[in-house]
Amino acid sequence: MKKIWNAFKTRFKTYKKRPLSLILFLAVTLSAIATFSILIYLIAYILVMGIPNLSWDIFAWEYNSDNNSLMPALINTITMTVLSLVIAAPLGIFSAIYLVEYAKRGNKLVGIVRVTAETLSGIPSIVYGLFGMLFFVTALKWQLSLISGAFTLAIMILPLIMRTTEEALKSVPDSYREGSFGLGAGRLRTVFRIVLPAAVPGILAGVILAIGRIVGETAALIYTAGTVAKIPDLMSSGRTLAVHMFVLSNEGLHTDKAYATAVVLLVIVILINALSAFVAKKISKGTRV
Amino acid sequence: MKGVFFIAALTSILAVLLICLFLFANGIPAMGKIGVFDFLLGQKWAPTDSPASYGIFPMILGSIYVTAGAIIIGVPIGILTAVFMARFCPKGLYKILKPAVDLLAGIPSVVYGFFGVMVLVPFVRDNFGGTGLSILTASILLGIMILPTIIGVSESAIRAVPESYYEGALALGATHERSVFFTILPAAKSGITAGVILGIGRAIGETMAVMMVVGNQTRVTSDILKGLRTLTTNIVMEMGYAADLHREALIATAVVLFIFILIINLLFSLLKRRSKA
């Protein structure tokens, strides 16, 4: 304790001589405090206002205007997540495999794919929503449905999965590949038996990030999957939890239920984040060995 | 199997082509019918009047105002926080702060919007006047929402600066603060600018949270305590019931937004390339 105090005292002495340094130090520290107090305040506010409003009502199996149950929305969220990942994960992982393992150096296509992936990752979700409405809902006549929503979200998360898989594949040491080739394995066998297993944690981290985006998405779903509060079959409309939250708070009639829904949504997001942090830790441990 | 990987690699190209094709094919004709000039610079958006007018100038201005506000609020705090995390933060604290920033990025925009409606709107109404549904409120909320983007990119840009810069400055007698601000930050400039541009892209494209706090009136105003409408909220508010030319005009609004985003993306990748070189 005394050591810290002494360090503080010497520091303060320099600050006395150099006021600009003090100002810079204060600016940096105060900004950091501001950022994190906003986060803490937001979480605390939602939890404090929401937890007292949690009731079994909002977890009822059927939605009606009385209980505003989030259960159908919760199940739709899970369906939507699984569907989007089933579409986007193989595409994203396979294209990353092509870019890293197969494409030759200086291949023009690689550059084009990178640029398009970068473009995709910058497009706002409302534009995805409009595109999904024009293409999947109208042109392919899939109507407002879970499947239209899932395809729209799949395009949205594709660049994310691609980029993280690419990085994971690149971080696998070349000696693994050389060893495998040296033992007589072909390229395909090397990719599936040697490179992919080593890259799994990295790919998983990308997939978890993608899940986070799917769970939180609203704008891309309103005009593709719609807002019907039921558990539908894949070809009919259903709202996810984030859309449910939006409808509740936009109506403004059931603020208490909106608070409770926000708690559930927030808890899911925190769990997803914790999971991705856990996987990321695994990765950094894995590469150090 | 190589063929399968190759085809998978083509999907992102296909997706971009399809998005461009469907947006432009549905949006450009509307611009032609309304008149490009009347559409982009028209001051009046009244699709249900007869004759209807489709001017999106108020919304273009709205997006610019709200984004500018978000930058004024979010960028200084974001960059300074990044400096703190990269250069001032004890290791133990960093282990808590880093996941906190990730969480800030992971919170869904509806939750931000709800927080904005419940906390920021009353706050602005009570302290600054007006209805609370205003440019100021949206700017504060967006400023918070772009923080994690700016912090993340800036922090890695700051960390990428060689340690020798910092040590050199220290050796010349500069304090820790001066070394960080006058040698490291200038060296990380292009990376930090890239982060800011990425943040701008996020702010322009944000829809739901903005819609919940910005008021959505179609007017030209520079009073930050008044509400207005942005490009994104214009689309999401009216797409549900729009038909015919109105619907096409909304898609054309998305085309304008899309072009904004393409320009921002281009700037971002140019800067990123330069900061790598």
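Note that the structure is predicted; figures quoted are calculated from it, not measured.

Analysis parameters
- Residues numbered from 1 in each chain as written.
- Chains lettered and ligands numbered in written order.
- Predicted model: local features only at pLDDT ≥ 70, side-chain atom pairs only at ≥ 80, totals over all residues.
- Heavy atoms only, no water.
- Domains from an automatic or database assignment.
- Contact = heavy atoms within 4.5 Å.
- Buried area = accessible area lost by both parts, 1.4 Å probe.
- Salt bridge = Lys/Arg side-chain N within 4 Å of Asp/Glu carboxyl O.
- Polar contact = N/O pair within 3.5 Å; in protein donor to acceptor, adjacent residues only side chain to side chain.
- Nonpolar A, V, L, I, M, F, W, Y, C, P; charged D, E, K, R; others polar.
- Helix = DSSP H or I, 4+ residues; strand = E, 2+ residues; numbered from the N terminus.
- Expected span 1.5 Å × (residues − 1).
- Buried < 20%, exposed > 50% of the residue type's maximum accessible area, 1.4 Å probe, protein only.
- Arc of directions from axis to C-beta.
- 1 Å grid on protein atoms, 1.4 Å probe; cavity = no way out; pocket = protein on both sides within 12 Å on 5 of 7 lines; lining within 4 Å.
- Points joined across faces, edges and corners; volume = space filled by probe spheres on them.
- Phe/Tyr/Trp six-rings, centres within 6.5 Å; stacked < 30°, edge-to-face > 60°.
- Lys NZ or Arg CZ within 6 Å of the ring centre and 35° of its normal.

Asker: What's the story with the domain arrangement of chain A in this structure? I'm lost.
Answerer: Often the size quoted for an interface is simply the accessible area lost on bringing the parts together. Residues and elements named next belong to chain A. If you check the domain split of chain A, you get domain 1 (2-53) and domain 2 (56-288). Taking the mean C-alpha position of each, domain 1 and domain 2 sit 36 Å from one another. Taken together, the contact between domain 1 and domain 2 spans eight residues of the former and six residues of the latter. When domain 1 packs against domain 2, close to 700 Å² is buried across both sides, 82% of that on carbon and sulfur atoms. Here domain 1 is connected to domain 2 by zero salt bridges. Across the contact surface, domain 1 and domain 2 share one residue pair in polar contact (both at pLDDT 80 or more). Of the residues in the side of domain 1 that touches domain 2, the class split is six nonpolar, two polar and no charged.

Asker: Just checking my understanding: could you explain helix H4 (residues 91-106) of chain B for this structure?
Answerer: Because an α-helix completes one turn every 3.6 residues, residues spaced three or four positions apart along the sequence face the same direction. Residues and elements named next belong to chain B. With 16 residues, H4 should reach 22 Å at 1.5 Å per residue; the first-to-last C-alpha distance of 23 Å fits that figure. Where H4 is concerned, the buried positions are Leu97, Ala100, Val101, Leu103 and Leu104. Viewed along the axis of H4, the buried residues span an arc of 160°, placing them on a single side of the element. Of the residues in H4, the exposed ones pointing more than 90 degrees away from the buried face are Lys91, Lys95 and Ala105.

Asker: How do you make sense of the interface of chain B and chain A when you look at a structure like this?
Answerer: Contact with chain B, which involves 75 residues of that partner, is made by 72 residues of chain A. For the chain B and chain A pair, buried surface summed over both sides reaches about 6600 Å², with 83% attributable to carbon and sulfur atoms. Linking chain B with chain A are zero salt bridges, by the criterion used here. Counting across the chain B and chain A interface gives nine residue pairs in polar contact (both at pLDDT 80 or more). The dominant element in the side of chain B that touches chain A, judged by the number of residues it contributes, is helix H1 (residues 2-34) of chain B, at 17 residues.

Asker: What am I meant to see in unusual backbone geometry here?
Answerer: Residues apart from glycine generally show negative phi values, whereas peptide bonds are mostly found in trans. The omega torsion across Ser50(B) and Pro51(B) is 0°, close enough to zero to call that bond cis. Looking at the secondary structure, you find Pro51(B) in the loop between strand E1 (45-46) and strand E2 (53-54). Positive phi, close to 45°, is recorded for Asn68(A), a residue that is not glycine. Along the chain, Asn68(A) falls in the loop between helix H2 (19-50) and helix H3 (71-102). When its relative accessible area of 1% is taken as the criterion, Asn68(A) is described as buried.

Asker: Could you clarify how one ought to interpret empty space enclosed by the protein in this entry?
Answerer: The probe, sized like a water molecule, is rolled over the atoms to show the empty space still left. Residue and element names in this part refer to chain B. Scanning the model with the defined rule gives one cavity of 30 Å³ or more in all. Of the volumes computed, that of the largest cavity is approximately 40 Å³. Taken together, Ser63, Val66, Thr67, Leu142, Ala203, Ile204, Glu206, Val210, Thr230 and Thr232 form the lining of the largest cavity. Elements supplying a minimum of two residues to the lining of the largest cavity: helix H3 (57-88) and helix H9 (189-205). The greatest single-element share of the lining of the largest cavity, amounting to three residues, is contributed by H3. Its residues assigned to classes, the lining of the largest cavity shows five nonpolar, four polar and one charged.

Asker: What should I look at first to understand the packing of aromatic side chains in this one?
Answerer: For any two aromatic rings, the description comes down to two numbers: the centre-to-centre distance and the angle of the planes. Scanning the entire structure with this criterion turns up 23 aromatic pairs over all chains. Considering the side-chain rings of Tyr41(A) and Phe115(B), the 5.9 Å spacing of their centres and the 75° angle between planes classify their relative orientation as edge-to-face. Taken together, the positions of Tyr41(A) in helix H2 and Phe115(B) in helix H5 (residues 109-128) put the pair across two chains. Between Tyr45(A) and Tyr259(A), the aromatic rings sit 6.0 Å apart at their centres with planes inclined by 65°, giving edge-to-face as the arrangement. Here Tyr259(A) lies in helix H11 (residues 255-288) and Tyr45(A) lies in helix H2, a separation of 214 residues in the sequence. The residues Tyr45(A) and Tyr259(A) share a single accessibility class, namely buried. Taken together, the ring pairs in this structure connect Phe131(A), Phe135(A), Phe136(A), Trp142(A), Phe151(A) and Phe22(B) into an aromatic cluster. Just above the ring of Tyr102(A) sits the side chain of Arg187(A); from NZ or CZ to the centre is 5.9 Å. A cation sits over an aromatic face here: Arg239(A) above Tyr63(A), 5.3 Å from the ring centre.

Asker: Which parts of the structure should I look at to understand the side chain of Thr253(B)?
Answerer: All names here are of chain B. Among the secondary structure elements, threonine 253 is positioned in helix H12 (residues 244-276). The buried category is assigned to threonine 253, whose relative accessible area is 0%. A distance of 2.8 Å separates a polar atom in the side chain of threonine 253 from the backbone oxygen of alanine 249. Setting aside chain neighbours within four positions, we find threonine 253 in contact with Phe39, Trp45, Ile56, Leu231, Asn234 and Ile235.

Asker: Looking at this model, I keep getting lost on the environment of Ile40(A). Mind explaining?
Answerer: By secondary structure assignment, the location of Ile40(A) is in helix H2. When the C-alpha positions of Ile40(A) and Lys257(A) are compared, they lie 22 Å apart, and in sequence the two are 217 residues distant.

Asker: I would appreciate a short explanation of the pattern of salt bridges in the present structure.
Answerer: For side chains bearing opposite charge, pairing can occur when the charged atoms are close. A complete count under the given rule lists 10 salt bridges over all chains for this structure. With a closest N to O distance of 2.8 Å, Arg177(A) and Glu101(A) form a salt bridge. In this pair, Arg177(A) is assigned in helix H7 (residues 174-182) and Glu101(A) in helix H3, connecting sequence segments 76 residues apart. For Arg177(A), a relative accessible area of 9% translates into the label buried. Overall, Glu101(A) belongs to the buried group, its relative accessible area being 6%. A salt bridge links Glu155(B) to Lys98(B), with the shortest nitrogen-to-oxygen separation between them at 3.6 Å. Separated by 57 residues along the polypeptide, Glu155(B) in helix H6 (residues 135-159) and Lys98(B) in helix H4 bring together distant segments of the chain. Residue Glu155(B) is classed as buried on the basis of its relative accessible area, which comes to 4%.

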